[in-house]
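# Reading the structure
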Amino acid sequence: MKKFYQKNEHGTDRSKSTETKKRKNMKRLGGGGLSLQTFANMKSENNRYNPSLIKKQKEFYKNAKYVSKFRKSVKQQDIDDKNETGESSKVDDDDDKQKGKSNKRIGVEDLYKQTREEMEKVRKEREATFQAKKEAKEVAESRRKVAKGKMMRKTRHGQPVMKYRIEHLLESIKKSAGIDESA
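Model, not experiment: these values are computed from the prediction.

Tallying secondary structure elements over the chain gives 6 helices and 0 strands in all. Reading the chain from its N end, one meets helices and strands in the order α-α-α-α-α-α. Looking at the chain as a whole, 2% of its 183 residues qualify as buried. Of the accessible surface of the chain, which amounts to about 18,400 Å², a share of 55% is contributed by carbon and sulfur atoms.

Now the structure itself:
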């Protein structure tokens, strides 16, 4: 290997500059070319960026985290329930061994029923609000339709009927001023 201070005996300055250009290009392009085998292996691997796959994995891990938190909370509730009754844990362990899975299944069924009832209650509330909004929308639409019919009326000569337009202006002024019509 040549030192910096050594003189290039073989070539001229021009060959040296081309060598440095080649070296810089090789660095910029990432080294030498790939062998055919390496290129084929890289193409066959399926390690490309896939956003949908990443999204699915995130969702899977998030759901797994929620499930584990739910299980921990259920376990904690079971422990709290046993402590509230004041019974010793050894007696409870013996009873659990005898009863087997039936106790756990009943607890899960109760939990399922409770969550199902809550979901049903939420669904009914949502439907009620939706129905109320739908009725209010229909009332407002019918009111607008009547107002539009009045505003579009014309006289025999094709002029607009001013009576309804003036009433509309009066109502809008009363609303903006906050004056109640019944007073």
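What follows concerns the packing of aromatic side chains. Counted by the stated rule, this structure contains 1 aromatic pair. Relative to Tyr61, the ring of Phe60 lies with its centre 5.5 Å away and its plane at 70 degrees, an arrangement referred to as edge-to-face. This pair shows no difference in class: Phe60 is exposed, exactly as Tyr61 is.

Right, let's get into a negative patch on the surface. A contiguous patch of negative charge, built from Asp78, Asp80, Asp81 and Glu84, is present on the exposed surface. Mapped onto the elements, Asp78 comes out in helix α3 (residues 51-85).

A few words now on a positive patch on the surface. On the surface, a cluster of positive charge is made up of Lys16, Arg23, Lys24 and Lys27. Note on placement: Lys16 falls in helix α1 (residues 13-29). Looking at Lys16, the relative accessible area reads 49%, which means it is partly exposed.

All right, on to a nonpolar patch on the surface then. Judged by side-chain polarity, Leu34, Leu36, Phe39 and Met42 come together as a nonpolar surface patch covering roughly 470 Å² of accessible area. Position of Met42 relative to the elements: it lies in helix α2 (residues 36-44).

Moving on to the pattern of salt bridges. All chains considered together, the criterion is met by 2 salt bridges. Between Arg123 and Glu120 there is a salt bridge, with its nearest N and O atoms 2.2 Å apart. Placement of the pair is Arg123 and Glu120 together in helix α5 (residues 101-151), with a separation of 3 residues, close to one helical turn. Taking the relative accessible area as the measure of exposure, Arg123 reaches 34% and is therefore partly exposed. The class of Glu120 is partly exposed, set by a relative accessible area of 30%. We note a salt bridge from Glu127 to Arg123, for which the minimum N-O separation is 2.5 Å.

With that settled, consider the environment of Leu34. In this fold, Leu34 is placed in the loop between α1 and α2. A relative accessible area of 53% places Leu34 in the exposed class. With residues near it in sequence (within four places) discarded, Leu34 still touches Phe39 and Met42.

Now for the confidence of the model for the chain. Residues with a pLDDT of 70 or more make up 73% of the chain, whose mean pLDDT is 80. The secondary-structure element of the chain with the lowest mean pLDDT is helix α4 (residues 89-99), recorded at 52, while helix α6 (residues 162-177) shows the highest, at 92.

Conventions adopted
- Residues numbered from 1 in each chain as written.
- Predicted model: local features only at pLDDT ≥ 70, side-chain atom pairs only at ≥ 80, totals over all residues.
- Heavy atoms only, no water.
- Helix = DSSP H or I, 4+ residues; strand = E, 2+ residues; numbered from the N terminus.
- Buried < 20%, exposed > 50% of the residue type's maximum accessible area, 1.4 Å probe, protein only.
- Areas by Shrake-Rupley, 256 points an atom, 1.4 Å probe, with all protein chains shown as cover.
- Phe/Tyr/Trp six-rings, centres within 6.5 Å; stacked < 30°, edge-to-face > 60°.
- Patch = residues over 30% accessible without salt bridge, like charges linked within 9 Å, V, L, I, M, F, W, Y side chains within 5 Å.
- Salt bridge = Lys/Arg side-chain N within 4 Å of Asp/Glu carboxyl O.
- Lys, Arg positive; Asp, Glu negative; His and termini not counted.
- Charge placed at Lys NZ, Arg CZ, Asp CG, Glu CD.
- Contact = heavy atoms within 4.5 Å.
- pLDDT = per-residue confidence, 0-100.

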